Structure formats: C-alpha cells, structure tokens
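# Breakdown of the fold
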Amino acid sequence: MSNRRAFEIAFVGLKPGVHEYRYEIDDSFFEEYADRDFKGVKAEVKLALDKKASFLILKFEVGGKVDVSCDRCGNDLPLDLWDEFDILVKMVDDPDLMNEQESDPDVFYISRTESHIDVKGWIYEFISLSVPMQRMCAESEIGGPYCNKEVLARLAGMTPQPAEGVKGKKTSNSLWKGLDKFKKLKKE
C-alpha cells in the first residue's frame, strides 16, 4: 500500500459502530510538509472511527516522543506527546459551502457520494498541536543531562544586580531612578 493511501479509510463498506486504526508516525511522515520546529518523532496515533448513518465521529489519541530545541539553552530536549482530539464528519450535499460557513473547527463536511476519508492532514495537525508552546525543562531539572551548561552559566551571569536608590536604599529597577528629579521639582 502506498504511503498516501495508508491514511485513507474506506468508510462506506464499514458496518455502523466503532472501528479502530493505529498509525506509527516518524520523521518521514513530515517530509512533505513545510517547516516544523521539532524532529525525532516517534508517535503513535490511535483513531477510533464511530460510523453512524449520516456522520462519523473520529477520536484521535496522540502519544509518543519528539525532540525540540530548548527555549532556555538551545539543546535538544525530548518531550512526551499526549493529547486527544475529536472531529465530527458530516455527510451533506454541498460540503464546500458548509465547510466555508462552519465556525467550529471540530466539524468537517464531506459529500454524501464520498467513499473514503483521508486522515493524514488531521494527524499532522494534531501531532503539531500536541507539541507544547513553551519548550523548557522544569525548574527542578535545570542543569540536568539535556541542558547546555555553558549557556546556563552565561544566563546566570546576565542577572541584573540591584542598583542604589534614593538615600542608600536598594531598588530592584534603576529604570525609575530618573523620576526622583521630578519629585524634587514638584515639591519646589
């Protein structure tokens, strides 16, 4: 079976009820897609397709691991993937018009004459959405095996020191230091 057809499901011949599919996803799956900010994908997508008379309910479970670049130090950081997504696929006469008008991203329309549904685009989208936006190890793990020690040392050296404020008091931000001049002018 070709790679393209591996993600097509012929739902017309299926009996009503739940049908399960599993997809093993690695970096080769993402080759045809544009830029992505992760690599080393080892994901498993479980799909439960619940066939009804005039619609399909698709439940995707994404699990696995992916390597991302750490936001703090720039080293590769392995992250766990886990998320669930649901899509309701309705069969209608004019799916293009209905898809344009639909505001719910979890509802998709196909033609009543369709016999196959391609889930590859949804798998790509759901794996991408499963990768966290903030990509750092926890505070307790800083300095661990995945951290770049040199970058962490430089970041620690860039911590601002408290500046001397009015009458010898320490202030945490010297940005406001110049405002003292205006206080004196106002009192006069």
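Residues numbered from 1 in each chain as written. Predicted model: local features only at pLDDT ≥ 70, side-chain atom pairs only at ≥ 80, totals over all residues. Heavy atoms only, no water.

### Concerning the side chain of Arg 135
Positionally, Arg 135 belongs in the loop between helix H2 (120–130) and helix H3 (149–157). Of the residues examined, Arg 135 reaches a relative accessible area of 10% and is grouped as buried. Looking at Arg 135, its side chain comes within polar contact range of the main-chain oxygen of Pro 132, at 2.8 Å. With sequence-adjacent residues up to four places away left out, Arg 135 is seen in contact with Asp 37, Val 68, Ser 69, Cys 70, Asp 71, Leu 77 and Leu 79. (Helix = DSSP H or I, 4+ residues; strand = E, 2+ residues; numbered from the N terminus. Buried < 20%, exposed > 50% of the residue type's maximum accessible area, 1.4 Å probe, protein only. Polar contact = N/O pair within 3.5 Å; in protein donor to acceptor, adjacent residues only side chain to side chain. Contact = heavy atoms within 4.5 Å.)

### Thoughts on the sheet that holds strand E4 (residues 55–69)
With mixed pairing, five strands are arranged side by side in an open sheet as E2-E3-E4-E5-E6. Since the sheet does not close on itself, it has two edges, and those belong to strand E2 (17–26) and strand E6 (107–111), each with one partner. Taken pair by pair, the neighbouring strands of this sheet meet at an average axis angle of 20°, ignoring direction. Relative to strand E3 (residues 38–51), E2 runs antiparallel, the two sharing 10 bridges. Across the sheet, Arg 22 pairs through a bridge with Lys 46, a residue of E3. Those strands touched by H2 are E2, E3, E4, strand E5 (76–92) and E6, and its axis lies near 140° from that of E5. (Pairing = 2+ DSSP bridges. Axes fitted to C-alpha atoms, helices over the stretch in contact; angles between N-to-C directions.)

### Concerning the packing of aromatic side chains
Summed over the entire model, instances satisfying the criterion amount to 11 aromatic pairs. Taking 6.0 Å as the distance between ring centres and 35° as the angle between the ring planes, the aromatic pair formed by Phe 29 and Tyr 33 counts as tilted. If you follow Lys 120 out to its NZ or CZ, it ends over the ring of Phe 29, 5.4 Å from the centre. (Phe/Tyr/Trp six-rings, centres within 6.5 Å; stacked < 30°, edge-to-face > 60°. Lys NZ or Arg CZ within 6 Å of the ring centre and 35° of its normal.)

### A look at the confidence of the model for the protein chain
In this model, the protein chain carries a mean pLDDT of 83, and residues with pLDDT of at least 70 account for 82%. Averaged over each element, pLDDT in the protein chain is lowest for strand E9 (residues 170–171) (55) and highest for E2 (96). (pLDDT = per-residue confidence, 0-100.)

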